[in-house]
Amino acid sequence: MTNVTIWNEFRHEKTDKEVQEMYPNGIHGQLAAFLGEDFQVKTATLDEPEHGLTQDVLDNTDVLVWWGHIAHEEVKDEIVERVYQKVLQGMGLIVLHSGHLSKIFQKLMGTSCDLKWRENEEHCRMWNVNPGHPIMNGIGEYIELEKEETYGEHFDIPAPDELLLISWYPGGEVFRSGCTYTRGNGKIFYFQPGHETYPSYYNEKVQQVIKNAVLWCQSTRNQYPNYGHFESLEGEDKR
């Protein structure tokens, strides 16, 4: 069975009553509730030793799901490097919502990953622009969310390998809200919905996208290349 580790900074839920009411078991708890229906799931949070992302945990993770917002800078660089190396070696990574500004996503993208945003309880329509992609299996033409934080272009990311979803908001903004990448042997999926005071992670289609993404992102087990100095396979050159 696919092993999924859900990482959440778990800060809003400790201090904000509205967030506590929306996600009483933490955002990681809600993600684990539906992902646990199909996968072997564990959770990790910022304030655990090594942020819960020990080498042993990562070595036994096929797909890492990442949610962060107000404490990106508190994630230690050595843990970011550890996750980065595991992605290059083949571990899948799903970055959710404001995780776009996480150190790990910025390191993998090589850009600021910044964007425009507005929080005013507008609804969001996410258009499926790549219906043949496995992550879009069972989603239909669009996902309708009654409330979601408005994200707008320009989104400072590299051109996606594949663009799956484009969001539209009543203010006229559009946003590339479902994007895939490959880095080394690892597959990466960025998915926009998931503001901490809105019920996006209770939406069945949002849940299905994340489940589909786990299946798509999971490690291929392909051999990671050996880099650096190497000996000739043909033996010593006699010329």
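Further up the page is the structure itself.
Residues numbered from 1 in each chain as written. Predicted model: local features only at pLDDT ≥ 70, side-chain atom pairs only at ≥ 80, totals over all residues. Heavy atoms only, no water.

A.B. asks: Quick question: what am I supposed to make of the overall build of the protein here?
C.D. replies: Along its length, the protein carries seven helices and 11 strands. Relative to a compact globule of 239 residues, whose C-alpha radius of gyration would be 18 Å, the protein shows 19 Å and is just as compact. Considered along the principal axes of its C-alpha atoms, the protein spans approximately 75 × 40 × 35 Å. Here the protein holds 239 residues, and the buried ones make up 50% of them. Here the analysis covers contacts within the protein between residues at least 6 apart in sequence; of these, 72% occur between residues at least 24 apart. Across the protein, the centroid of the 21 positively charged side chains sits 3 Å from that of the 38 negatively charged ones. (Helix = DSSP H or I, 4+ residues; strand = E, 2+ residues; numbered from the N terminus. Rg over C-alpha atoms; globule rule 2.2 N^0.38 Å. Buried < 20%, exposed > 50% of the residue type's maximum accessible area, 1.4 Å probe, protein only. Contact = heavy atoms within 4.5 Å. Lys, Arg positive; Asp, Glu negative; His and termini not counted. Charge placed at Lys NZ, Arg CZ, Asp CG, Glu CD.)

A.B. asks: I'm lost on the pattern of salt bridges in this one. Help?
C.D. replies: Where charged atoms of side chains with opposite charge meet at close range, the side chains can pair. By the definition in use, this model includes 14 salt bridges. A salt bridge links lysine 211 to glutamate 37, with the shortest nitrogen-to-oxygen separation between them at 2.7 Å. One end of the pair, lysine 211, is in helix 7 (residues 204-217); the other, glutamate 37, is in the loop between helix 3 (27-35) and strand 2 (40-45), and 174 residues separate them in sequence. Assessed through its relative accessible area of 11%, lysine 211 is described here as buried. Taken together, the shared-partner salt bridges connect Arg11, Lys14, Asp47 and Glu74 into one network. (Salt bridge = Lys/Arg side-chain N within 4 Å of Asp/Glu carboxyl O.)

A.B. asks: Which parts of the structure should I look at to understand the environment of valine 80?
C.D. replies: Checked against the element boundaries, valine 80 lands in helix 5 (residues 77-89). Placed 36 residues apart in sequence, valine 80 and lysine 116 show a C-alpha to C-alpha distance of 25 Å. The contact partners of valine 80, leaving out residues within four places of it in the chain, are Val75, Lys103, Ile104 and Lys107.

A.B. asks: It is not clear to me how the packing of aromatic side chains should be interpreted in this structure. Could you clarify?
C.D. replies: By convention here, two paired aromatic rings are described through the distance between centres and the angle between planes. Applying the stated criterion across every chain yields a total of 10 aromatic pairs. Between tryptophan 7 and tryptophan 66 the ring centres are 4.1 Å apart and the planes differ by 20°, which places this aromatic pair in the stacked class. Taken together, the positions of tryptophan 7 in strand 1 (residues 3-8) and tryptophan 66 in strand 3 (residues 63-67) put the pair 59 residues apart, joining distant regions of the chain. Taken together, the ring pairs in this structure connect Phe105, Tyr151, Phe155, Phe175 and Tyr190 into an aromatic cluster. When the ring centre of tyrosine 84 is taken as origin, the NZ or CZ atom of lysine 107, which lies over that ring, is 4.6 Å away. (Phe/Tyr/Trp six-rings, centres within 6.5 Å; stacked < 30°, edge-to-face > 60°. Lys NZ or Arg CZ within 6 Å of the ring centre and 35° of its normal.)

A.B. asks: Looking at this model, I keep getting lost on the packing of helix 3 against helix 7. Mind explaining?
C.D. replies: Any two packed helices are characterised by how steeply their axes cross, that is the angle between the axes, and by the distance between the axes. Where helix 3 meets helix 7, the axes come as close as 10 Å, and the angle between the chain directions of the two elements is 70°. By the angle class used here, helix 3 and helix 7 are roughly perpendicular. Of the residues in helix 7, those touching helix 3 at Gln30, Leu31, Phe34 and Leu35 are Gln207, Ile210, Lys211 and Val214. A class-by-class count of the residues in the contact of helix 3 with helix 7 yields five nonpolar, two polar and one charged. (Axes fitted to C-alpha atoms, helices over the stretch in contact; angles between N-to-C directions. Parallel < 35°, antiparallel > 145°, perpendicular 65-115°, else oblique. Nonpolar A, V, L, I, M, F, W, Y, C, P; charged D, E, K, R; others polar.)

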